[in-house]
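Each chain, written out:
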2 protein chains.
Amino acid sequence: MAIGAQSASTNASLAIAQRSLGDPSISYPLMPPLTSGCPRTSTEEIAYPVEVVFDYARVDRALFDQPPLPGLERWAPLLPPLAPGVAMQDGGTPLVDVPTVAAWAGFDGELYIKDESRNPTWSHKDRLNLCTVSAAVLSGAPGVIVASSGNHGAAAAAHAARAGLPCIVLTSLTAPTAVLRFLLAYGAAVVTPPPSGHLPAIRQIVDRLGYMPMGNLTVTHTGHPFGPEGYKTVAYETFLQLGRRVPAAVFVPTGYGELLSGAWKGFRELRDLGLADRAPAIVACEPAALGPLARAVREGRPAVAVGEAETEAYAIACTVNGYRSVLSVRDSGGAAMTVTDAELYEARRVMGRDGLWPELSSAAGVAAFRQAVAAGQRFDGPVVCISTSNGFKDLDGDRPAVPQLGDDWPAVQRALGHYGLRV
Amino acid sequence: MAIGAQSASTNASLAIAQRSLGDPSISYPLMPPLTSGCPRTSTEEIAYPVEVVFDYARVDRALFDQPPLPGLERWAPLLPPLAPGVAMQDGGTPLVDVPTVAAWAGFDGELYIKDESRNPTWSHKDRLNLCTVSAAVLSGAPGVIVASSGNHGAAAAAHAARAGLPCIVLTSLTAPTAVLRFLLAYGAAVVTPPPSGHLPAIRQIVDRLGYMPMGNLTVTHTGHPFGPEGYKTVAYETFLQLGRRVPAAVFVPTGYGELLSGAWKGFRELRDLGLADRAPAIVACEPAALGPLARAVREGRPAVAVGEAETEAYAIACTVNGYRSVLSVRDSGGAAMTVTDAELYEARRVMGRDGLWPELSSAAGVAAFRQAVAAGQRFDGPVVCISTSNGFKDLDGDRPAVPQLGDDWPAVQRALGHYGLRV
């Protein structure tokens, strides 16, 4: 049997409806995906997302008697319908032990990094876009569109390419050069937004052409309702990788909170299906310069907008949060933490000693975890920090100066001394 | 049971000796690794490598009754001894189906990419460096050193960091900025070579400090004898991913040919252990500007040196080959092909349509495969092209120009028209 035979049938999904998070008594048909959130409960100030409802009574628990290999179509019953040919061995990312990070954080328990840079386009976003591009294909949309600082756009472009759909990516004027090449490599139409901003431009293309948005269209974040479902697989894999255990806590780099809420839903399902005896605390980790979710949680509000502010963690630099992330933090007994750029740089430096090179934003989980330990938090079991992507996605900057070796030994010693190596 | 419990015991290896490829009747003890090749058969013109010998009679075939997950320590019996803590969930990279590439090449069989960019440092080199850094640890070396254009150095640095060993990387003055950051992220001492060149500098540091070289020290290539053993796992995984089938042919981007010869040895072992009924043809894919292996094979010589020449496939731009790659091509009934930079760019462009963005060098397998099909070659089974790394490793170049969307519809149409999208 060839590996290709693993491709999911669209029939395998047990998704049956969409449900409003603004008022869970309100349901909608599964199709079309409500990409602008719940039309009945949303207001001009806040957009409430919808989520996918599954027929859990029909879930065969043997689904979890398989190894956590790549290929998310293996989880098809608990995903929205997948279109043939879109999947590309997504997910199946490893848990990596990080003893140096654990020691640095003052933690003597089990600490792991879920290394999402080992996805097809080297970020977690592949899991989301497998689901959203599939939705576009199954809806008959003639193309897809997304505003993205990089990872989301590349994952959309790669999966759209496989689906044979055109993909428009609105990216920032300050996108790193490498990220522009990355987006263009998959044949995406990469453009910078017009003076009126990216939301009106996307709405215009959606309205005129019927393109399906892979990202957000609303004033506070709802995103594509099928997207976070893809992130549930982070929970399924982690559960199996820990030997059918659930972490005490999961620290998640957080922009709009889709990864956060998807992972939470996956763990909740494992608990509700009776496979796990608990679910972890979900800890959101935002840049301190912004932190809309932290503020929403602190103020007991469903969503807030904060002012623009500078952070080099551009992949998670969001000025609004989504309601689904508030629910996830609250329902899991988690927290919404913030980390400074200086903490991110230091966390990343230490992750390098364990052989990992995350994107700056991806170090947010580790940076917040250290804060939590320093604040005296205890963990009743393993802790997992999700690292979302790799250091190649970072902002352009100066070329590092590296010394030249000399031919004579004193010159060699001088060059190595630059790194503190005394030889 | 935690994932950490998968860590290998060094006792699990069935490696028993080193054997000269210059004269297979000559054996050496397993330790120390003969990093300058076979001392008895090598001459001033050619260095003959040694390889690791295993006690195959003691291999439990149940080793192959496991899923091809990351974590090469699962293959410990058929690897050189692994040191504790060095492994970081290496390997376990997926086979991805590439229908657009297959159609472009005019091939109607099964075609897969083995996507090695899904390793811990996003290239195949992690498999090699797990073995060579382990050898350094188990030999008591106080550090490791390697000359590398990027991938090899980063994989060495990441694994050395986990081992707590200093790592010196000699890299090129023209290394891409991103690659310098990549190497520095793992705490490596990154230097450019002295006027006398990298070989004398490495030998000096090896001789004075006892650092172990992770790469080549010799006039023609031998490399570290334990390194290619790590690449055998590419064969083991592929065999399992194909449902216990063996490909008809494997196309391998080729610099010094370590990946090539390691993969060949793995497939040969599967056949010799009675697990597979055949072994694939191994096809080396070198840059046409250089091609020392192609010339050695053509001229029936064990190794040749060619003159320097320009290619943008810098990761596989080698002016000498190693004897082990000549043996692999010959013994497997394979071939040594070459591809131009133009063919690499075109192959990479088409791979993007299947959602893959390889480093330019990594497209060599696909480029050569198309040549082979065009030349009328037939394949009696699936074909696998190995893609070694990702496009983020490529040479610095100009920032791509991307159009700005206008606010009015004609301006939107113009911007999208730049990409041939008629909307």
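The shown structure was predicted, so the numbers you read here are calculated from the model rather than taken from an experiment.

### A word on the overall build of chain A
Okay, so step 1: Helix and strand content of chain A: 12 helices and 13 strands.
Okay, so step 2: The globule rule puts the C-alpha radius of gyration for 423 residues at 22 Å, and the 21 Å found for chain A is close to it.
Okay, so step 3: Its C-alpha atoms give chain A principal-axis dimensions of roughly 75 × 55 × 50 Å.
Okay, so step 4: Taking all 423 residues of chain A together, the buried fraction comes to 65%.
Okay, so step 5: Counting contacts in chain A only where the partners sit at least 6 residues apart, residues at least 24 apart contribute 71% of the total.
Okay, so step 6: For chain A, the accessible surface area stands at approximately 13700 Å², while carbon and sulfur atoms represent 50% of it.

### Let's talk about the relation of the copies chain A and chain B
Okay, so step 1: Superposing chain A onto chain B takes a rotation of 180 degrees combined with a translation of 0.0 Å along the rotation axis, leaving an RMSD of 0.0 Å. A rotation of that kind, with that shift, is consistent with a two-fold axis. Of every C-alpha in chain A, the one belonging to arginine 118 of chain A sits nearest the axis of rotation, 2.4 Å from it.
Okay, so step 2: An overlap of 100% is found between the interface residues of chain A and their copies at the interface of chain B, pointing to a shared contact surface.

### Structural notes on the packing of helix α10 (residues 341-353) of chain B against helix α11 (residues 364-374) of chain B
Residues and elements named next belong to chain B.
Okay, so step 1: The interhelical angle for the contact between α10 and α11, taken along N-to-C directions, is 100 degrees, at an axis separation of 8 Å. Viewed along their axes, α10 and α11 adopt a mutual orientation that is roughly perpendicular. Mapping the contact onto sequence places Glu343, Leu344, Ala347 and Met351 in α10 and Ala364, Val366, Ala367 and Gln371 in α11.
Okay, so step 2: Across the contact of α10 with α11, the residue classes tally to six nonpolar, one polar and one charged.

### Re the confidence of the model for chain A
Residues and elements named next belong to chain A.
Okay, so step 1: The share of residues in chain A with pLDDT of 70 or more is 97%, and the mean pLDDT across the chain is 95.
Okay, so step 2: With pLDDT under 50 throughout, residues 1-10 is counted as low confidence; its partners more than four residues away or in other chains account for 23 contacts.
Okay, so step 3: Confidence metrics for the complex model read pTM 0.96 and ipTM 0.96.

### Some details on helix α8 (residues 292-299) of chain A
Residues and elements named next belong to chain A.
Okay, so step 1: The complete set of buried residues in α8 reads Pro292, Leu293, Ala294 and Ala296.
Okay, so step 2: Lining the buried residues of α8 we find α7 (258-272), β11 (281-287), α9 (323-331) and β12 (335-339).
Okay, so step 3: Glycine 300 sits one or two positions beyond α8 and adopts a positive phi of about 65 degrees.

### Overview of the sheet that holds strand β7 (residues 167-170) of chain A
Two orientations exist for strands paired in a sheet by backbone hydrogen bonds: parallel and antiparallel.
Residues and elements named next belong to chain A.
Okay, so step 1: Ordered by their spatial adjacency, four strands build an open sheet running β8-β7-β6-β9, and the pairing between neighbours is parallel. Two strands in the sheet have a free side with no partner beyond their single neighbour: β8 (189-191) and β9 (212-213).
Okay, so step 2: Sheet strands in contact with helix α5 (residues 198-209) are β6 (144-147), β7 and β9, and its direction is about 175 degrees off that of β6.

### Concerning the interface of chain A and chain B
One frequently used descriptor of interface size is the decrease in accessible area upon assembly of the parts.
Okay, so step 1: Each side of the interface is counted separately: chain A has 90 residues, and chain B has 90 residues.
Okay, so step 2: Carbon and sulfur atoms make up 63% of the surface buried where chain A meets chain B, a total of about 7500 Å² over both sides.
Okay, so step 3: Where chain A touches chain B, the interface holds two salt bridges.
Okay, so step 4: Ionic pairing is found between arginine 162 of chain A and aspartate 97 of chain B, a salt bridge with its closest N-O pair at 2.8 Å.

### A closer look at helix α6 (residues 227-241) of chain B
Count 3.6 residues to each turn of an α-helix, and residues three or four apart come out pointing the same way.
Okay, so step 1: When you tally the buried positions in α6 of chain B, you get 15 out of 15 residues, the bulk of the element.
Okay, so step 2: Glycine 243 of chain B, located one to two residues past α6 of chain B, shows a positive phi value of around 70 degrees.

### Considering the sheet that holds strand β5 (residues 111-115) of chain B
All names here are of chain B.
Okay, so step 1: Taken in spatial order, the six strands make up an open sheet running β4-β5-β13-β10-β11-β12, and their pairing is mixed. Looking at which strands have only one partner, the edges of the open sheet turn out to be β4 (95-97) and β12 (335-339). Ignoring which end each strand starts from, the neighbouring axes of this sheet average 25 degrees apart.
Okay, so step 2: With five bridges connecting them, strand β10 (residues 249-253) and strand β11 (residues 281-287) associate as parallel partners. Directly across from proline 253, in β11, lies its bridge partner cysteine 285.

About the cut-offs
Residues numbered from 1 in each chain as written. Chains lettered and ligands numbered in written order. Predicted model: local features only at pLDDT ≥ 70, side-chain atom pairs only at ≥ 80, totals over all residues. Heavy atoms only, no water. Helix = DSSP H or I, 4+ residues; strand = E, 2+ residues; numbered from the N terminus. Rg over C-alpha atoms; globule rule 2.2 N^0.38 Å. Buried < 20%, exposed > 50% of the residue type's maximum accessible area, 1.4 Å probe, protein only. Contact = heavy atoms within 4.5 Å. Areas by Shrake-Rupley, 256 points an atom, 1.4 Å probe, with all protein chains shown as cover. Least-squares fit on C-alpha atoms with pLDDT ≥ 70 in both. Axes fitted to C-alpha atoms, helices over the stretch in contact; angles between N-to-C directions. Parallel < 35°, antiparallel > 145°, perpendicular 65-115°, else oblique. Nonpolar A, V, L, I, M, F, W, Y, C, P; charged D, E, K, R; others polar. pLDDT = per-residue confidence, 0-100. Pairing = 2+ DSSP bridges. Buried area = accessible area lost by both parts, 1.4 Å probe. Salt bridge = Lys/Arg side-chain N within 4 Å of Asp/Glu carboxyl O.

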